[in-house]
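# Examining the three-dimensional arrangement
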Amino acid sequence: MGPGLYSEIGKKARDLLYKDYHTDQKFTITTYTSTGVAITASGTKKNELIFGEIHSQLKNKNVTVDVKANSDSNLLTTVTIDELATPGLKTIFSFVVPDQRSGKVELQYLHDYAGVNASIGLTANPVVNLAGVVGTKALSVGADVSFDTATGNFTKYNAGLSVTNADLVAALTLNNKGDSLGASYYHLVSPLSAVGAELTHSFASSENTLTFGTQHQLDPLTTVKARFNNYGKASALIQHEWRPKSFLTISTEVDTKAIEKSSKVGLSLVLKP
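Computed from a predicted model, the values in this text were never measured in an experiment.

### Here we look at the environment of Ser140
In this fold, Ser140 is placed in strand S10 (residues 139–148). Look at Ser140 and you get buried, because its relative accessible area is 5%. Residues Ser140 and Val254, spaced 114 residues apart in sequence, show a C-alpha to C-alpha distance of 37 Å. In this structure, Ser140 is in contact with Pro3, Val133, Val134, Gly135, Gly160, Leu161 and Ser162, ignoring residues within four places of it in sequence.

### What about the pattern of salt bridges?
Following the criterion strictly, the structure yields 3 salt bridges and no others. Taking the shortest distance from any N to any O, the salt bridge between Asp82 and Lys90 comes out at 3.8 Å. With relative accessibility at 28%, the residue Asp82 sits in the partly exposed group. The exposure class assigned to Lys90 is partly exposed, which follows from its relative accessible area of 28%. Asp144 is the partner of Lys156 in a salt bridge, and the nearest nitrogen-oxygen pair spans 3.1 Å. Here the residue Lys156 occupies a position in strand S11 (residues 153–164), and Asp144 occupies one in strand S10, the gap between them amounting to 12 residues. Relative accessible area serves as the criterion here: at 10%, Asp144 is assigned to the buried category.

### Considering unusual backbone geometry
Most peptide bonds take the trans form, and the phi angle of most residues other than glycine is negative. For the bond running from Val97 to Pro98, omega is 15 degrees, close enough to zero to count as cis. Turning to its location among the elements, Pro98 is positioned in the loop between strand S6 (89–97) and strand S7 (104–111). The phi dihedral of Asp20 is positive, around 75 degrees, even though this residue is not glycine. Note that Asp20 resides in the loop between helix H1 (11–18) and strand S1 (25–32).

Conventions used here
Residues numbered from 1 in each chain as written. Predicted model: local features only at pLDDT ≥ 70, side-chain atom pairs only at ≥ 80, totals over all residues. Heavy atoms only, no water. Helix = DSSP H or I, 4+ residues; strand = E, 2+ residues; numbered from the N terminus. Buried < 20%, exposed > 50% of the residue type's maximum accessible area, 1.4 Å probe, protein only. Contact = heavy atoms within 4.5 Å. Salt bridge = Lys/Arg side-chain N within 4 Å of Asp/Glu carboxyl O.

So this is what it looks like as structure tokens:
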């Protein structure tokens, strides 16, 4: 396997430390029509506000059409074409109604020794983004840049390095136009347990943020996770797959430096047939 896309650098550690943690209440249900269209409805309660979204997906051979409508009256349409013209090439076209400047075309190409992701906005003066990774599954380096043709300035330039072996993944990234340096670590301690950590340093503010966490599979259907950072925020969650592809997740967050404050609790229920 090749090095993948730039977004996969450090993804193992990020998923362990941040994925499925939340302090909101979310309910998601997916159904399928007789024609094969998948329809997903979700609602999220954040503080006193409720946000809703309806997502429909239709697949036909190598073409996938996704349509999302949310409570802000936005309609996002994404058309994905796999294996277009050559193996490993994916073309993605997306736009948001009523935002006339939201149209974008994206190309993704995966090779045994490279991964390229390029996108351009469909406007008179578009923002062009190019991300590339070269190497192998074991060792890869990459960069991610964005250029605003309207101003003639680079709005983003990042770089990353990833090292992977059977049970360990380490990554080093330079983000925010060179202001932020990050290092992450993921280690599969056993077939059922993993640990991870992430350290970020801001050169402008000289601030360091250290987050470390662990994950353990209690049984084939139940997983627990915990994390802690140097600002005293402690979080934990338990996730249970009570039927295939259907998950119940309960998470909580406590500020150990202000223990008198009530903890935050999040609940997520995902239902799939």
